[in-house]
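The lines below spell out each chain.
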Amino acid sequence: MSEQLRFIVEQLNREPFKKSFNLITFDSLDPMQLLQILNDVLAEIDPKHAMDIREELPEQTIRRMCALLGMLKYKPPGNPSDVSSFRQGLVSGSTPVVHPILHWLLQRLPELKKRAYLARFLVKLEVPAEFLQDDVINDTSHQYEELVESFKTYHKECELLRTSGFSTAEIRRDIGAMEEEKDQLIKRVDRLKKRVDSVSNHQRMLDQARQLRVEKEREESLTHQKQEQKNQAEQRLQRAKQQLKDLRQAAADANPESEYLRRGKGGGSRTTDEGLMKRLEEEIKINSYMVSEKLPKELEAMRRSVQYLQKISSEPAMGQADLQELEDKIKEADSQINQLIEKRMMRSDPMDDKLTLYRQQPIVFSGGLSERSAVPDTKLSDINSPHASYSSFHMVLMLAGTPTSLKRLVGKLRGKSVMHKKKRQEVSELRAEYGVLQRTEEILKQRHETVQHKLQAMEAEKGISGYSDTQEELERVSAIKSELDEKKGRTLDDMSEMVKKLNSMIVDKKSALAPIITELRSLRQCCQESSQEYEEKKAQYESCTAGLESNRSKLDQINMMLANLYRKAGQERSAVTSYKEVLRQCPLALDAIIGLLSLSVKGAEVASMTMDVIQSIPNLEWLSVWIKAYAFIHAGDNQRAINTICSLEKKSLLRDNVDLLVSLADVYFRAGDTKNAILKFEQAQMLDPYLIKGMDVYGYLMAREGHLEDVEVLGGRLFNISDQHAEPWVISGCHSFYSKRYSRALYLGAKAIQLNSNSVQALLLKGAALRNMGRVQEAIIHFREAMRLAPCRLDCYEGLIDCYLASNGIREAMGMANNIYKTLGANAQTLTILATVCLEDPVTQEKAKTLLDKALAQRPDYTKAVVKKAELLSREQKYDEGIALLRNALANQSDCVLHRMLGDFLVAVNDYQEAMDQYSIALSLDPNDQKSLEGMQKMEKEESPTDATVELDGDDMEGSGEDGDLEGSDSEAAQWADQEQWFGMQ
C-alpha cells in the first residue's frame, strides 16, 4: 500500500497535474478533495470531465465517473459482483476504493487517453430493429458504420505515419542549418557588395561580367547542341553504311538465289528471273529517286533549318512584347489568307474546277512516289536480305499498286466526277438565275427612282410639292387609326362584359354575407365585453408582474448578500452556487462575475453563462473580453491581464472608463510596475475626482515612493468625501507608517478593518505595524487573512515570510517561498522572494545567488533583486562587481536605496568623493532617508580613509537602527527591504 501511495504522489506532482503533495498531505485529504483529484485525473484522460464536483450532485458525479471507468474497462479489485459496495465507496470518497482507481489510471495514462479519444468515434450505437425498418434511419445507421470503418483506416494510417521515422526535429534542424547558410551567404554577398562599391566603374564591370556569364552559358548550350547533332549525324551515317552493306550483299547473292529457284521450280525459272529483275529495277528507281530528289531536298531543308536556328541563336533573347507582336502579325497574315481564299472562291470559274482533277494527279503521283521511297529501313533490309522469300517481292508490288485496284479507283473517280459535274451545272444555273433576278431588281429600282423624280417635278410645276409624301403619310395614319378604333371597340366590349360579371359577383357575395353580418353584430358586442374584461385582467397582471419583479430583484440582492456571507465564512461551494444563481437571474451582474472568478471558477464557464445576453444585446461584445481579463487577474497571470485590459481600453465604449483604469493600475501594481500603476491611478483620479475605490493602493505607492505630503493631502481629500470607507484610513495609516509612527498606523489600520473586513491593504498595514512593533504572531494572523482574500498578491506572502524570518522560522519561510514559486511560477518576484529566504541560511547562499541571477535575467530593472544581489556581493566583499551591478541598474532608473548602497560600496573602495555624490542624490530623492544621512556624517567624522573603510564595513555587516528597525537584519539593504518593502511589491 505504501508503494501504491508513493507512486500516486509522484505521478500527481509531475506534469500535467503539478500537485505539491507528500505522503502525509495526500493521505490526510478529505473525501471531497480526494474525489476532486480523481476527477482531475479523469479530466486529463477525457477533457469533457473537467469541472468542479461541488457544482453537481453526487449522484451525477458518480454516474459520470462510473461510465468513464466502464468505458476504460476498469475492474475493481475484490469480488466483481459486489458493485453496490464499490459505488457506495466511490460516493463517500473512500480511500480503499479511490486509491486503486488512481493507481490504475496513473499507470496507464497515455493508453487510457488514447482509448478515451477513440471511444468517441468507435462506440457503436445500438439501434432497435423496429427503428431500422425506416429507410432514413437505416441509411443513417449504415452511413455511421461506414464512417466508423473509415475512421479506423485513417487512424491506422496516422499511427503508421507517426511511427514511420519522420522526425520533425531533424527537419527543423535542416531548416535551421539552411537558414544559417542563407544568412552567411547574405552576409558574404553584402561584404562583396561593399568591396565592389569601393571600385570605380564597378557597375560597368558588373554588367560586362554578367554579359560574359550569359555568353559562356550560351556557348555551352551551343556546344551541347553541336555535340548532339554530331552524334545524330554519326548514327545516321552508320545506318546508311549498314544499309549500303546489306544492298551490296543482296546484289552479290542474287545469282545463287536465282540458281536455287531454277533448281526448285523447274519451268518457272524464267518467271522468277523476270520478277527479280522488276524488283531490282523498282529498287533502282526508288534509290535513284532518293539520291537525286528526296535526300537532297531533306539535306537542303535541314541546312535551311540549321541556318535558321543559327540566326535565331545569334539574335538577342525575345521578350513577352516581341512574342505578342509576332502573334499579332501571324493573326493578321491568317486573316489576309482567309480573305484571299474567300475572294478566290467567289471569283472561281467552273471551267477551272474541271481541271482540278488533272492538276491533282501529278501531286498524287509524286506523293505516292514519296510514300514508296519512305519505306522503313527495316523493311528494305528484310527485302534485301539473301534469304527473303517470294512474299517479300509480292509485298513490294502491292505497295506499288495492282491493276485491279487502280481500275476500281478510276471507276469511283469517274462516278464522282459525273456527280460533281451535275452539281456544278446546277450551281451554275442557280448562280445565273440569281444574277438575272439581281439585275431585274436593279432595273426596277432605277425605274422607281425615275418615276419619283418625274412626280416630284410635276408637283413642283403645279405648286404642290410634297403632295405624294403627305398622301402616303395620311394613308398610313388612317390605317393606324382604323386599327386603333377596332381595338378600342373590342376593349369597350370586354369592359362592359367585365362590369356585368362584377355586378353579378357582388350580388352573389352580398347574399352570401348577409347571414354572416347578422352573426357579426352579436359577436362585436361580445368582443366589446371581452375587451373590457381583458383590460381589467391586464391591469391586474401588470400590477402582479411589477410586484414579482420587485421581489425577484430583492431575491437577487439576497442571493448576492448570501454569496458574500458564504465567501467570508469560507464556504466556497455554497458561495459559488449563490453567485451562479444571481448570474442566472441577472446575467449582467458584474459583482457576481468577479465573485465567481475570485473563487477559481474558470472564465470560460462564467462567459458561457452570459453568452445569450451578449448575443441578444447589441454593442455588448466587450463583456466576454472583460471576463477574460478578470479571469487572468484572479489566476495571477498579470502580463496577459495587462494586455487584455489595454486592448479593452482601446475600444470606444470603454475608453476612459474609471473602473477599468483602476483595475489596470492594480494589475500593474501586482506586476511590480510602480510607475505605470501610479500613472493609471492619476488618470482615473482626473476623470473622477470623487473616486475612492483603489485609492488605498495609490496612497501606499505614493508613500513608498517618499511623497508623504501628497499622501497627506490625498487622505484629507478622501476624508472630506467620505469617512465611512476604509480607503481614507488606510492612506492616513500609510502616511503614519512611513513617518515611523507605528502605533498610529496600527490604530488607523484597525479602524479601516472595522469599516471593511475584506480590505487587503488594511490587513497588510496592520500586519506591518504589528511586525515592526515586535508583535510577530499577531502580524502573522493578519498576513494570513490577507493571503486568503488575495491569493495572487505577492506582498501578502512577503509579509508572512518576513514574520517567519523575524521569529527564526526559516523552515516555515522556506516552505512558504517554495509554495509561492510552484504556485505562481518562476518570475522575477517569486525568484527574489525565494532568494531572500535562502540568504538567511548559509548553506543555501549559492542557491540564492543562482536565483537572483535568474531574476535579474528576466527583469534587470527589478530593484529588490538588485538590492539582494548587492547585499550578497557585500557579504562576499566583491565591491567591484557590486558597483558595476548598481551602476547598471541606475542607468535606467533612479532610486534612493540604490544610490545609497552605491555610496556604501564606493566608500568600501575608498572613492569618497563619488560616494558623497551618491549620498547626496539619495537624500535629494528622499530627504527622510536616515541611512544616507548617517553615511555622510560618518564620512565627515572620519580622519583617515582606512578608518572610514573599517567603520563602514562594520556598519554594513552588523547593522543598526532606530525605532521601527527590523530585528535580525544582516545589512542596511536588508533593513530597507524589510522596513519599506514588506507589504508591497517593487
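Residues numbered from 1 in each chain as written. Predicted model: local features only at pLDDT ≥ 70, side-chain atom pairs only at ≥ 80, totals over all residues. Heavy atoms only, no water.

**Notes on the overall build of the protein**
Assigned secondary structure in the protein consists of 44 helices and zero strands. Counting only carbon and sulfur atoms, one obtains 55% of the accessible surface of the protein, whose full area is about 64,100 Å². (Helix = DSSP H or I, 4+ residues; strand = E, 2+ residues; numbered from the N terminus. Areas by Shrake-Rupley, 256 points an atom, 1.4 Å probe, with all protein chains shown as cover.)

**Comments concerning the pattern of salt bridges**
Counted according to the given criterion, the structure contains 26 salt bridges. Between Arg 788 and Glu 785 there is a salt bridge, with its nearest N and O atoms 2.8 Å apart. Remark: Glu 785 and Arg 788 occur in helix H33 (residues 776-789); sequence separation between them is three residues, near one turn of the helix. Exposure remark for Glu 785: the relative accessible area of 28% places this residue in the partly exposed category. Each of Lys 868, Glu 871 and Arg 875 takes part in salt bridges that share partners, so that together they form one network. (Salt bridge = Lys/Arg side-chain N within 4 Å of Asp/Glu carboxyl O. Buried < 20%, exposed > 50% of the residue type's maximum accessible area, 1.4 Å probe, protein only.)

**Points about the packing of helix H4 (residues 58-71) against helix H5 (residues 83-92)**
At a minimum axis distance of 10 Å, the contact between H4 and H5 shows a crossing angle of 125 degrees. In terms of orientation, H4 and H5 fall into the oblique class. When you trace H4 past H5, the crossing you get is right-handed. Across the interface between the two elements, Ile 62, Met 65, Cys 66 and Leu 69 from H4 touch Phe 86, Arg 87, Leu 90 and Val 91 from H5. When its residues are assigned to classes, the contact of H4 with H5 shows seven nonpolar, no polar and one charged. (Axes fitted to C-alpha atoms, helices over the stretch in contact; angles between N-to-C directions. Parallel < 35°, antiparallel > 145°, perpendicular 65-115°, else oblique. Left-handed = near helix turned anticlockwise from the far one by under 90°. Contact = heavy atoms within 4.5 Å. Nonpolar A, V, L, I, M, F, W, Y, C, P; charged D, E, K, R; others polar.)

**Observations concerning a negative patch on the surface**
On the surface, Glu 179, Glu 180, Glu 181 and Asp 183 cluster together to form a negatively charged patch. Along the chain, Asp 183 turns up in helix H9 (residues 168-197). (Patch = residues over 30% accessible without salt bridge, like charges linked within 9 Å, V, L, I, M, F, W, Y side chains within 5 Å. Lys, Arg positive; Asp, Glu negative; His and termini not counted. Charge placed at Lys NZ, Arg CZ, Asp CG, Glu CD.)

**Quick word on the UniProt feature "repeat: TPR" (unreviewed entry) in the protein**
UniProt marks residues 658-691, 760-793 and 896-929 with the feature "repeat: TPR" (unreviewed entry), using the numbering shown here. Taken end to end, residues 658-691 comprises 79% helix and 0% strand; its first and last C-alpha atoms sit 8 Å apart. Structurally, residues 760-793 is divided into 79% helix and 0% strand, and its ends, taken at the C-alpha atoms, are 10 Å apart. (UniProt positions renumbered as here; feature names shortened; annotations may be inferred.)

**A short note on the environment of Leu 872**
By secondary structure assignment, the location of Leu 872 is in helix H38 (residues 863-875). Residues Leu 872 and Gly 882, spaced 10 residues apart in sequence, show a C-alpha to C-alpha distance of 8.9 Å.

**As for the side chain of Thr 832**
Within the fold, Thr 832 resides in helix H36 (residues 828-839). Setting aside residues no more than four positions away along its own chain, Thr 832 makes contact with Leu 852, Ala 855, Tyr 862, Lys 864, Ala 865 and Lys 868.

**Comments concerning a nonpolar patch on the surface**
Taken together, the side chains of Leu 125, Val 127, Phe 131 and Ile 137 make up a nonpolar region of the molecular surface, amounting to roughly 350 Å² of accessible area. When you line up the elements, Val 127 lands in the loop between helix H7 (109-122) and helix H8 (135-162).

**What about the packing of aromatic side chains?**
Applying the stated criterion across every chain yields a total of 11 aromatic pairs. Where Tyr 117 meets Phe 151, the ring centres are 6.3 Å apart and the plane angle is 55 degrees; that geometry is what we call tilted. In this pair, Tyr 117 is assigned in helix H7 and Phe 151 in helix H8, connecting sequence segments 34 residues apart. You can call Tyr 117 partly exposed: its relative accessible area is 38%. Taking the centre distance of 6.1 Å and the plane angle of 80 degrees together, the rings of Phe 669 and Tyr 700 count as edge-to-face. In this pair, Phe 669 is assigned in helix H26 (residues 658-670) and Tyr 700 in helix H28 (residues 695-704), connecting sequence segments 31 residues apart. (Phe/Tyr/Trp six-rings, centres within 6.5 Å; stacked < 30°, edge-to-face > 60°.)

**As for the confidence of the model for the protein**
Averaged over all residues, the pLDDT of the protein is 77; the fraction at 70 or higher stands at 85%. When mean pLDDT is taken per element in the protein, helix H30 (residues 726-738) scores highest with 90 and helix H44 (residues 972-980) scores lowest with 34. Here residues 373-401 scores under 50 on pLDDT; set against residues more than four positions off or in separate chains, the count is 29 contacts. Across residues 943-986 the pLDDT falls below 50, and counting only partners more than four positions away or on other chains, this stretch makes 122 contacts in the model. (pLDDT = per-residue confidence, 0-100.)

**Let's talk about unusual backbone geometry**
Here the residue pair Glu 15 and Pro 16 is connected by a cis peptide bond, since its omega of 0 degrees sits within 30 degrees of zero. Note that Pro 16 resides in the loop between helix H1 (2-13) and helix H2 (23-27). Positive phi is not limited to glycine here, since Lys 18 has a value of about 55 degrees. Within the fold, Lys 18 resides in the loop between H1 and H2. Taking the relative accessible area as the measure of exposure, Lys 18 reaches 57% and is therefore exposed. Residue Lys 740 is not a glycine yet carries a positive backbone phi of 65 degrees. Position of Lys 740 among the secondary structure elements: in the loop between H30 and helix H31 (742-755).

**Structural notes on the packing of H1 against helix H6 (residues 95-107)**
Running from N to C, H1 and H6 point in directions that differ by 55 degrees, and their axes come no closer than 10 Å. In terms of orientation, H1 lies oblique with respect to H6. For the element pair H1 and H6, the recorded crossing hand is left-handed. Along its contact with H1, which presents Gln 4, Leu 5, Phe 7, Ile 8, Gln 11 and Leu 12, the element H6 presents His 99, Pro 100, Leu 102, His 103, Leu 106 and Gln 107. Here the contact of H1 with H6 is built from residues that sort into seven nonpolar, five polar and no charged.

**Looking at the nonpolar core**
Note that soluble globular proteins tend to have their nonpolar side chains buried in a common cluster. Membership of the largest hydrophobic core comes to 141 residues, with the highest contact counts inside it found for Trp 626 and Ile 801. Look past the residues within four positions of Ile 801 in its chain and what remains in contact with it is Ala 813, Met 816, Ala 817, Ile 820, Ile 833 and Val 837. Ranked by size, the runner-up nonpolar core spans 35 residues in total, among them Leu 34, Ile 37, Leu 38 and Leu 102. (Core = buried A, V, L, I, M, F, W, Y, C linked by side-chain atoms within 4.5 Å.)

**Observations regarding helix H35 (residues 810-824)**
Over its 15 residues, H35 extends 21 Å from the first C-alpha to the last, a length consistent with the 21 Å expected when each residue adds 1.5 Å. Of the positions making up H35, those classed as buried are Ala 813, Met 814, Met 816, Ala 817 and Ile 820. For H35, the arc enclosing every buried residue in end-on projection is 165 degrees, short of the 170-degree limit, so these residues lie on one face. Opposite its buried face, H35 presents the exposed residues Arg 811, Lys 822 and Thr 823, each directed more than 90 degrees away. The secondary structure elements touched by the buried residues of H35 are H33, helix H34 (794-806) and H36. Gly 825 occupies a position one or two residues after H35 and carries a positive phi of about 90 degrees. (Expected span 1.5 Å × (residues − 1). Arc of directions from axis to C-beta.)

**Digging into H38**
Compared with the 18 Å implied by 1.5 Å per residue over 13 residues, the 18 Å span of H38 between its first and last C-alpha is a close match. A large share of H38 lies buried, amounting to 12 of its 13 residues. Along H38, the residues that are buried comprise Thr 863, Lys 864, Ala 865, Val 866, Val 867, Lys 868, Lys 869, Ala 870, Glu 871, Leu 872, Leu 873 and Ser 874.

**Considerations on the environment of Leu 35**
By secondary structure assignment, the location of Leu 35 is in helix H3 (residues 31-45). Under the relative-accessibility criterion, Leu 35 is labelled buried at 7%. A C-alpha to C-alpha distance of 9.7 Å links Leu 35 and Ile 62, two positions 27 residues apart in sequence.

**Side note on the environment of Leu 106**
Summarising the element assignment, Leu 106 is placed in helix H6. Residue class for Leu 106 comes out buried when judged on its relative accessible area of 5%. The sequence separation of Leu 106 and Gln 11 amounts to 95 residues, and the corresponding C-alpha distance is 6.8 Å. Excluding anything up to four places from it in sequence, Leu 106 contacts Phe 7, Ile 8, Gln 11, Leu 12, Phe 17 and Val 41.

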